[in-house]
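A look at the structure
Listed below, chain by chain, are the residues.
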Amino acid sequence: MARPPDDDDDVDLGISLETVATVVDHIRAVQVTEETDPAQLSEDENSEAALLQENPDDMTEDSLREFVDGLNEDEQAALIALAWVGRGDYGPEEWEEAVRLAAERNEAGQAGSYLLGMDMAGDLLAEGVAAFGLSIEDVER
């Protein structure tokens, strides 16, 4: 099993943890909204799905695509590479290669659509960050 880089070998992810956390939250909100039975929303008014339904226009696939596609090319490549690391395609020690290949893959600038096409993309991004010994759960939102 690959070890994350030591503190002495800090990796520049090329994207802030705040931005990754925002994307993860947005992806999860879109997925919860899509997967939730509307009848369940009325059963628990304080559930995450019910709370997200209060502002459905804020958390749509289109708004997520717009946010991600509005990031610069390096940030988009970093998001894709983090998802790949989270999925196990690459280890933290292969970060530079993953980012380079993600940038090549994203030449069309469709990172938002690409991420939305991945199953459990929010969890993959969180796992990718965790592979570097970091956590988006600690990021203030």
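Attention now goes to the overall build of the protein. The secondary structure content of the protein amounts to eight helices and zero strands. The buried share of the protein, reckoned over its 141 residues, is 38%. Within the protein, contacts between residues at least 6 apart in sequence are counted, and of these 74% link residues at least 24 apart. Accessible surface for the protein amounts to roughly 8300 Å². Of this, 43% is attributable to carbon and sulfur atoms.

The next thing to look at is helix α8 (residues 121–130). Counting buried residues in α8 gives seven out of ten residues, a clear majority hidden from the surface. Regarding α8, the residues found buried are Ala121, Gly122, Leu124, Leu125, Ala126, Gly128 and Val129.

With that settled, the discussion passes to unusual backbone geometry. Positive phi, normally seen in glycine, also occurs at Met120, with a value near 55 degrees. Looking at the element boundaries, Met120 is found in the loop between α7 (111–116) and α8. By relative accessible area, Met120 is classed as partly exposed at 43%.

Attention now goes to the packing of aromatic side chains. In total, this model carries three aromatic pairs according to the counting rule given. Arranged with centres 5.2 Å apart and planes meeting at 80 degrees, the rings of Trp95 and Phe132 form a pair that is edge-to-face. In this pair, Trp95 sits in helix α6 (residues 95–105) while Phe132 sits in the segment after α8, placing the two residues 37 residues apart along the sequence. Site record: aromatic cluster; members linked through ring pairs are Trp84, Tyr90 and Tyr114.

This part is about the nonpolar core. Ile15, Val20, Leu79, Leu82, Trp95 and Leu125 are the most contacted members of the largest nonpolar core, which totals 35 residues. Within the residue set of this core, elements represented by two or more residues are α1 (17–35), α4 (61–69), α5 (73–87), α6, α7 and α8. Sequence-distant contacts of Leu82, that is, excluding residues within four places in its chain, are made with Leu13, Ile15, Val20, Trp95, Leu124, Leu125, Gly128, Val129 and Phe132.

Before going further, it helps to examine the side chain of Gln76. One can find Gln76 in helix α5. Overall, the relative accessible area of 4% leaves Gln76 in the buried class. Side-chain polar atoms of Gln76 contact the side chain of Asn106, separated by 2.6 Å. In this structure Gln76 touches Val68, Asp69, Gly70, Leu71, Asn106, Gly109 and Ala111, once residues within four positions along its chain are discounted.

Rules of the game
Residues numbered from 1 in each chain as written. Predicted model: local features only at pLDDT ≥ 70, side-chain atom pairs only at ≥ 80, totals over all residues. Heavy atoms only, no water. Helix = DSSP H or I, 4+ residues; strand = E, 2+ residues; numbered from the N terminus. Buried < 20%, exposed > 50% of the residue type's maximum accessible area, 1.4 Å probe, protein only. Contact = heavy atoms within 4.5 Å. Areas by Shrake-Rupley, 256 points an atom, 1.4 Å probe, with all protein chains shown as cover. Phe/Tyr/Trp six-rings, centres within 6.5 Å; stacked < 30°, edge-to-face > 60°. Core = buried A, V, L, I, M, F, W, Y, C linked by side-chain atoms within 4.5 Å. Polar contact = N/O pair within 3.5 Å; in protein donor to acceptor, adjacent residues only side chain to side chain.

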